[in-house]
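Understanding the architecture of this molecule
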Amino acid sequence: MSHRNSKIQLTGVKQLKHQDTSSGITFASAKHASADAAVLMAYVIAILDYHRCYVPYQNNNIQLATLHEKVNKLDLEMQERKLKLEMNSGLGVDKEDQQEPILTDEDLPRLEQELIDLQTQFETAVIAKHKVDQRRAAMKEILQHGELAVQGLANLRKKWTGQVADMESDPGLVTNCVVAAAFIVYCFPLKRSLRMEIGPSFLNSAQKHGLPTPSKQLFQDWSVVSFLTEKNIAAWYRKQEDCSIFLQNAHLVLNQCTDQWVVMIDRHRFALSWFQNRKKGVQLVKHRNPSLRKVLERCLNDGSPLVILDIQPQLLLSDPILSSILHNKDKFHSLHSFKIAVGEKEVECVPGFELYMMTTVPIERMTHEFLSSLIVIHFVPCFNTVQNMLCDRYAQLDRQAVHQVKTQTNKDASAAIDILKSLENKLLTSLAAAQGQDVLDNVTETKRFSALVEEYDQAVERLDEVWDRQKELYQQQEDYKDVACRGAVLFDVAQCMASMNPLYQISWKNFVALYDVAVQGTEKTIDKSIVDRLTRLVLSSLLQGVREEDQLFLELSLAIQVEWAEGRCSSVEKKFLLSPFSTASDLYSSLTSTNTVPSGMPVPNVKVFVKKPFEWMTEDQWHDIQIVGFMFDWFSEAIERINKEGRENVWKQICENDHPQSVPLPESLEFRITPVQKLLCLCTIRPDKFLEIVKWFVPVALGRGLPEKMPSLTDLQVSMTPETPALLLYEKGPMAIGRTVSDLASRAQKSLKSVELTGVSGQEHEVIRLIQRAMMNGSWVLVEHAHCCPSLFQTLDHLLSESVSKNESFRLWISADPSSLPPEILQDYVRMFIDAPLQMKTAVLNALSWVPQELLRWSSRQEWPHVLHNICVLHSALCLRANVKGIGFNATYVWDVQNLWDALRYAKEEFTLADKVDPAWGTSSAKGISWTGLRHILTQIVYGSQVTDYGDYQAVKALIDLWISQQATKKDFEAPKTKYKVSPNAYALPLRTANIARAVASSNLSSSPEMYGLLTTPETRLKEDQHILSRLKTSLELLQHASLPKQALKMRLPSTFVGPTPTKLRQSSASARRHRVSTVPRVGHVVAKPSTERTVISNAQLIHAAFLKPCKDFDFSELITSLVTKIYKGWSKETLSERVRRLGPNVSFSLWIKEEIEQMQDILNELRSALLVIKGALDAETPPPILSPATLTIACDLFHNRIPDVIYRLSTSTMPPQLEGQVANWVYDLTQRCQHMDRVLSLSREKVPGFWLGAFFHPEGLLSIYKQDAFRSYQTKFSVAEQFSYLVEVTTREKELLRDAPGEGLFVFGLHLWGATWDRTASEVSDVAPKPSAQPLPVAHVMAVPQTEKIAAMDFGKYMQVYSCPCYQSTSGKSSIVMSLDVKQDDVPALRWPLRGVVCTLRPF
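Not measured: the values here are computed from a predicted model.

Let's shift gears to the overall build of the protein. Counting its regular elements, the protein contains 54 helices and 25 strands. Classification of the 1405 residues of the protein by burial places 50% in the buried group. Intrachain contacts of the protein at a sequence separation of at least 6 include 76% that bridge at least 24 residues. Accessible surface, the protein: about 66,700 Å² in total, of which carbon and sulfur atoms supply 53%.

Rendered as structure tokens:
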């Protein structure tokens, strides 16, 4: 740099210092912008100072060069003078010429002074030269270190400049900060799916309220962790955990970046294991542990971290020990010691104390006060995190060298990151401290800067080397990654089950223990056998901890996840399998919005398709096949060739065969699709065979990983230890647990002590003393009904966790109802559900387990063991039939083991009388068994005593007649329809209960509805179908890797709807697709007119429609506007009174129709007023007023496209099932009912051609009016009083052909028959399973006649075949019978129909 340029730059600096700063950058403004901006400003000033200091150094160099030139010039002059003198002396110059000036003494002082001056000048020049050399050397050294520092800081300068630029130039920085703060406060307690949805919605809400839009938006350009943490740290977290949700939790837990303590919802105690690896020296204590105070005081004094386990949210804030600490976290940010109250005592607290709390209580059970006082985190590990940890675990067990290297690498990486962070902080601190100073004038400071930069660069290189080593280690994990992947899948499914039911939670510790057992002792080479072993072991443990009704779903979920993890199932296929038409609708909507709908593509919600290729194929099946072809390319070719090359027979078998899973698909599909894809096809085309198809798929997908048998108490015993008791859970009545555990103890040759808790005070101490003695002598203890004493579990926790020696043979068994148990005990106990069985074979085996061996040998009669077996079958059949809600029995009944004991006792008494010896003759009385008497006792006393419905009584009687008879005790007896038969070897001598049980277990006894008298229809398969499908709906959101549809996220109204109960759901599977398509339109299309036919709705159809998610991208205002215009106008009070007055003198009929219309008007008024308020709030430009709770509930329900719960409760039995997607049909049905009422009001009673009884709230009132009139007419005519009854004849007429009212009685229509088929040709009921579960009946003629005339109208033989079929308002409203229909079939006894559960309803659901 030239001197001139230096001067120009210095001048610029001076001008910069003296120029007006009112419009420029000042230190104050830089500091106000951010700390980084101030540091950057200091850095720029330091560079300018560096250039300023370089100018004197340059001037000195120029001066030094000038002096060198003068010295050289003087040397040359001296040499020339000397040369001249020598030349003169050599040439003999004339003495006159060589004569020098004569010097005298007077010249000496002058010469001496000149010499002194010259010497002084020389010394001065030498000193100046030395100083210049020193200055030059110093400047050179400063320059070298300065160049190194500047070059090293170049990357950091770029980074800092970018950060400052982002912060200063981004006006939306405050938006990201506000959204991040809201996300931390409100979203961390939520589960994965809600957190992913609500987080981005905060950003949309902020922008909607006027906050500036960030150039880099949170959740899109920034992840939460990247926004809140340093880049290197975020990268390190990603390499370790590889899960955004887990990273968020880890950041908040490890950094304690809030002013509130952290509570982790950790159902599996995964966070505890992870936390112990991250925080060394952490202390653990349970909330209810008496030593909590002692441990807390020690941690406060030592400054060590403390984790409190199993906190009780309802008790925590009021806990006197923790209250002061919980409300004063800000004190713990102090750098000095302080005192804090722990109870009534003050404790010294040193800096460094950290408090963490963990609980298994779900957030739904936490109070608002608790959530506002603490930071609650829903700590759930993701798939990749679990897989990485299981990889490390496998390496630790079987690859020790690799594990050690990886552990050291992780430590090196963590240390390198800490060093980088420390060095960068030092650099920033040094630059900030040097602000306004000439840093480069100080050699020491320049060297220190250079050393820091060099050390930082070396740390970056070390970190890169560590990450390279980690990459190599991850590649080595590929050898055993399959095992870890399967383990992660298993734990993922376990989390899903625990989310559905908190009782299913499994601890990470127990899961890892199972993983260790499966992995240890295996060969070095990894093969599928290890994966199968792991699957079999973990699945067996999971199955024993879930209810029987959830076991098949658990297997199905695992099979689907296994196929997904191994790449044989895409996310779209999985979502389509769980919710087919919802997935198709979402895709169709996205294509419609982008105008990319393929020509000819079937519309999922509208039935407009290409004509079906075969006449035998239903429209629904053809629709489903087209939908699958539209969604997946691998199926589209099969549709194009469906009617070619003779494939008709193949498709016909798939659509009609009772076992479609056994039918091979066309060759173009069978050999090139995966099992999941075949499952997808079959379930879509044949939803009526859903369970059979699932049971085929599970073994195919899991293979040898599927356990060979369901877990039993024997398997549970293997998992027990002296410290780990067995918890036997029941809700509907336990099995014979005492006898079963006693048998196990006998086989193990251990003594068993049993105690049954009743809640009496003092029992707890007795049980503890019994357990303590058993721990010493090694015996077994069974504690029954432990839920009667909840405090016992707290005492047991301390007792079992104590380090006292225990006999290794000690085992503790506990049975309890889980509803009142503390949730944390599920982590420490092995458990099994012992509820009443749901499968027929299991139920019979359970009933046989209650039969003592002595009772089997009570009688020597040949029929005796057969009777005991038949009573067990009868009891199981009645219990299982009672589980078939809505069609099994008309009312709810509960039969337990006491009824079984009573039945066995009465049978024992009957056979005792038959075997009684006559003392007069000394021989047997040869008295036969009174089968009629035994059946009467069972019907009237044992099982029929609680039956309140006559139809149910007939069904119970028919079942008892079937199994308790002489014919049923014969060796060749087979159950009707099912052909169930027990092997004769079961009754071989000597008689043993175990032999009969083995024969039953190996028999063909199935859970077919025929076993308990019902036809095999979709209704009778309802419970398990509905349960699994509802679970599948939930799993769509819970399984962490389900690909959810990418919809525009909106703030949705809250939904408190839990879903329909089985008694409210009815619809046939054959019409399921029709209902799903035509009666469940998209929310945006509710204005379309529904079908004019009233859809018959049954459970089997609605269980498929129940889990269809309506499309949420619609205009809610448009929906409300449409409903306001569609609601029936109704009647004013004046108009109604005037029209009722015109009906005539029949006061009873007038009052009845007026009450019906007034009740309907109340519903219309409630709905209309709510709709108008909602519409006004939506249309208002200013903020709308606060809605009332009732109005808000209606808005929530309508937003989710279902009948408002407020309206639904006004008349439950006359309303359709409360499902999503029913609003349009409900409004149409309401309108039709209003129109029918208005027609009845317009016509006189005598002119109404037919009454739609389902339109009225109290149709029995109308029938009573007709019965009263008939009774008065008869009494007037014959002057006698006689009992009247309804004579209901099902005609062959249709409602459309009705023109006039009958001469006597009335015509009614809209009736539906359940459990049988109506033969319109023969006008009789038929014992054939109906395809739709509810059969619409023709018009019925109802008359009220004397009872004698009704019997006389038919001969006695015909009368015994007539079944008085009860008619109810709906299947969900069976509280009272409206009337009874007289139905029959020639030559078929009437008892068959109650056995089939045949009923009639006024409404089609």
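Moving on, we get to a negative patch on the surface. A surface patch of like charges, here negative, comprises Glu454, Glu455, Asp457, Glu461, Asp464, Glu465, Asp468 and Glu472. Examined against the element boundaries, Glu454 turns out to sit in helix α18 (residues 443–476). A relative accessible area of 48% means that Glu454 is categorised as partly exposed.

Of the consecutive residues Leu989 and Pro990, the connecting peptide bond is found in the cis state with omega at -10°. Relative to the helices and strands, Pro990 resides in the loop between α40 (950–963) and α41 (993–1001). Backbone geometry places Asp310, a non-glycine residue, at a positive phi of 55°. If you trace the backbone, Asp310 turns up in the loop between β3 (306–309) and α13 (313–316). Here the phi dihedral of Ser1323 falls at roughly 55°; this positive angle occurs in a residue that is not glycine. Within the secondary structure, Ser1323 sits in the loop between β19 (1317–1319) and β20 (1324–1326). Since its relative accessible area comes to 29%, Ser1323 is described here as partly exposed.

So, on to the pairing of β3. Alternating residues of β3 divide into Leu306 and Ile308 and Val307 and Leu309, and every residue in both groups is buried. The pairing of strand β2 (residues 283–286) with β3 spans 4 bridges and is parallel. Pairing of Lys286 across the sheet is with Leu309, part of β3. Chirality of the crossover, the property in question, places the unit of β2, helix α12 (residues 292–302) and β3 among those that are right-handed.

The strand order β15-β17-β22-β16 describes an open sheet built from 4 strands, whose pairing is mixed. Edge positions in the open sheet fall to β15 (1251–1252) and β16 (1284–1290), since each of these has one partner strand only. Here strand β17 (residues 1306–1309) runs beside strand β22 (residues 1340–1346); their pairing, made up of 3 bridges, is antiparallel. Within the sheet, the bridge partner assigned to Val1308 lies in β22 and is Ala1340.

Judged by nonpolar contacts, the single largest core of 148 residues is most densely connected at Trp651 and Val783. Per-element tally for this core: the top contributor is helix α19 (residues 481–500), with 12 residues. Setting aside anything within four residues of it in sequence, one finds Val783 in contact with Val755, Leu757, Val767, Leu792, Leu812, Trp813, Ile814 and Ser815. Counting residues in hydrophobic clusters, the runner-up holds 76 residues, among them Phe1149, Ala1170, Trp1393 and Val1398.

What follows deals with the side chain of Glu297. With respect to the helices and strands, Glu297 occurs in helix α12. Given a relative accessible area of 15%, Glu297 falls into the buried group. Each residue touching Glu297, except ones within four places of it in the same chain, is listed here: Val342, Lys345 and Val347.

Let us now look at the packing of aromatic side chains. Taken as a whole and assessed by the stated rule, the structure comprises 29 aromatic pairs. The interplanar angle of 90° and the centroid separation of 5.9 Å between the aromatic rings of Tyr504 and Phe833 together place this pair among those described as edge-to-face. Placement of Tyr504 in the loop between α19 and α20 (508–519) and of Phe833 in strand β12 (residues 830–833) is noted, with a sequence separation of 329 residues between them. Taken individually, Tyr504 and Phe833 each receive the classification buried, so the pair is uniform in this respect.

Within the secondary structure, Gln561 is located in helix α22 (residues 548–565). Of note is the side chain of Gln561, whose polar atom sits 3.4 Å from the side chain of Asp492.

Packing of helix α35 (residues 840–849) against α41 brings their axes to within 10 Å, and their N-to-C directions diverge by 180°. Put simply, α35 runs roughly antiparallel to α41. Touching Lys841, Val844, Leu845 and Leu848 of α35 are Thr993, Ile996, Ala997, Val1000 and Ala1001, all from α41. Of the residues assigned to the contact of α35 with α41, the class counts are 7 nonpolar, 1 polar and 1 charged.

The next thing to look at is a nonpolar patch on the surface. Side chains of Val174, Val178 and Leu211 sit close together on the surface and give an oily, nonpolar patch of about 210 Å² of accessible area. For Leu211, the location among the structural elements is in the loop between α7 (192–208) and α8 (224–228). Classification of Leu211 by relative accessible area gives partly exposed; the value is 31%.

Overall, the coordinates contain 21 salt bridges when judged by the stated rule. Measuring nitrogen to oxygen at the nearest pair gives 3.6 Å for the salt bridge that ties Asp902 to Arg905. With Asp902 and Arg905 both in helix α38 (residues 897–914) and 3 residues apart, the pair spans about one turn of that helix. The class for Arg905 is partly exposed, based on a relative accessible area of 38%.

Under the 1.5 Å per step criterion, the end-to-end length of helix α6 (residues 173–187) is 20 Å for 15 residues, consistent within 8% with the ideal 21 Å. Residues of α6 that are buried: Thr175, Asn176, Val179, Ala180, Ala182, Phe183, Ile184 and Cys187.

Close inspection of predicted coordinates is inappropriate in any region flagged by low pLDDT. A residue-level look at the protein finds 77% of positions with pLDDT of 70 or above and a mean pLDDT of 75. Contacts for the low-pLDDT stretch residues 1–23, under 50 throughout, to residues beyond four places or in other chains number 16 contacts. Confidence over residues 1039–1114 falls short of pLDDT 50; this stretch has 231 contacts with residues more than four positions distant or in other chains.

Let's shift gears to the sheet that holds strand β6 (residues 355–359). In spatial order, the strands read β2-β3-β6-β1-β7; together these 5 strands make up an open sheet with parallel pairing. In this open sheet, the two strands that pair with only one neighbour each are β2 and β7 (375–378). Strand-to-strand twist of the sheet, defined as the mean angle between neighbouring strand axes without regard to direction, takes the value 25°. Bridging between β3 and β6 involves 3 bridges; their strand directions are parallel. Opposite Ile308, over in β6, you have Met357 as the bridge partner. On top of the sheet, helix α11 (residues 270–278) reaches β1 (262–265), β2, β3 and β6; it is set at about 155° to β6, its chief contact.

Next up on the list: the state of the cysteines. On inspection of all chains with the given rule, the structure shows 0 disulfides. The structure places no disulfide on Cys1400, whose sulfur is separated from the nearest cysteine sulfur, that of Cys1367, by 3.7 Å. Judged by its relative accessible area of 0%, Cys1400 falls in the buried class.

Direction vectors running N to C along helix α25 (residues 619–631) and helix α26 (residues 633–640) enclose 135°, while the axes themselves pass 6 Å from each other. When the interaxial angle is binned, α25 and α26 end up oblique. The two elements α25 and α26 meet at a crossing, and its hand is left-handed. Together, Trp622, Ile625, Gln626, Val628, Gly629 and Met631 of α25 and Asp633, Trp634, Phe635, Ser636 and Ile639 of α26 make up the contact between the two elements. Residue classes in the contact of α25 with α26 are distributed as 7 nonpolar, 3 polar and 1 charged.

What counts as what
- Residues numbered from 1 in each chain as written.
- Predicted model: local features only at pLDDT ≥ 70, side-chain atom pairs only at ≥ 80, totals over all residues.
- Heavy atoms only, no water.
- Helix = DSSP H or I, 4+ residues; strand = E, 2+ residues; numbered from the N terminus.
- Buried < 20%, exposed > 50% of the residue type's maximum accessible area, 1.4 Å probe, protein only.
- Contact = heavy atoms within 4.5 Å.
- Areas by Shrake-Rupley, 256 points an atom, 1.4 Å probe, with all protein chains shown as cover.
- Patch = residues over 30% accessible without salt bridge, like charges linked within 9 Å, V, L, I, M, F, W, Y side chains within 5 Å.
- Salt bridge = Lys/Arg side-chain N within 4 Å of Asp/Glu carboxyl O.
- Lys, Arg positive; Asp, Glu negative; His and termini not counted.
- Charge placed at Lys NZ, Arg CZ, Asp CG, Glu CD.
- Pairing = 2+ DSSP bridges.
- Right-handed = clockwise from strand over helix to strand, strands pointing away.
- Core = buried A, V, L, I, M, F, W, Y, C linked by side-chain atoms within 4.5 Å.
- Phe/Tyr/Trp six-rings, centres within 6.5 Å; stacked < 30°, edge-to-face > 60°.
- Polar contact = N/O pair within 3.5 Å; in protein donor to acceptor, adjacent residues only side chain to side chain.
- Axes fitted to C-alpha atoms, helices over the stretch in contact; angles between N-to-C directions.
- Parallel < 35°, antiparallel > 145°, perpendicular 65-115°, else oblique.
- Nonpolar A, V, L, I, M, F, W, Y, C, P; charged D, E, K, R; others polar.
- Expected span 1.5 Å × (residues − 1).
- pLDDT = per-residue confidence, 0-100.
- Disulfide = S-S within 2.5 Å.
- Left-handed = near helix turned anticlockwise from the far one by under 90°.

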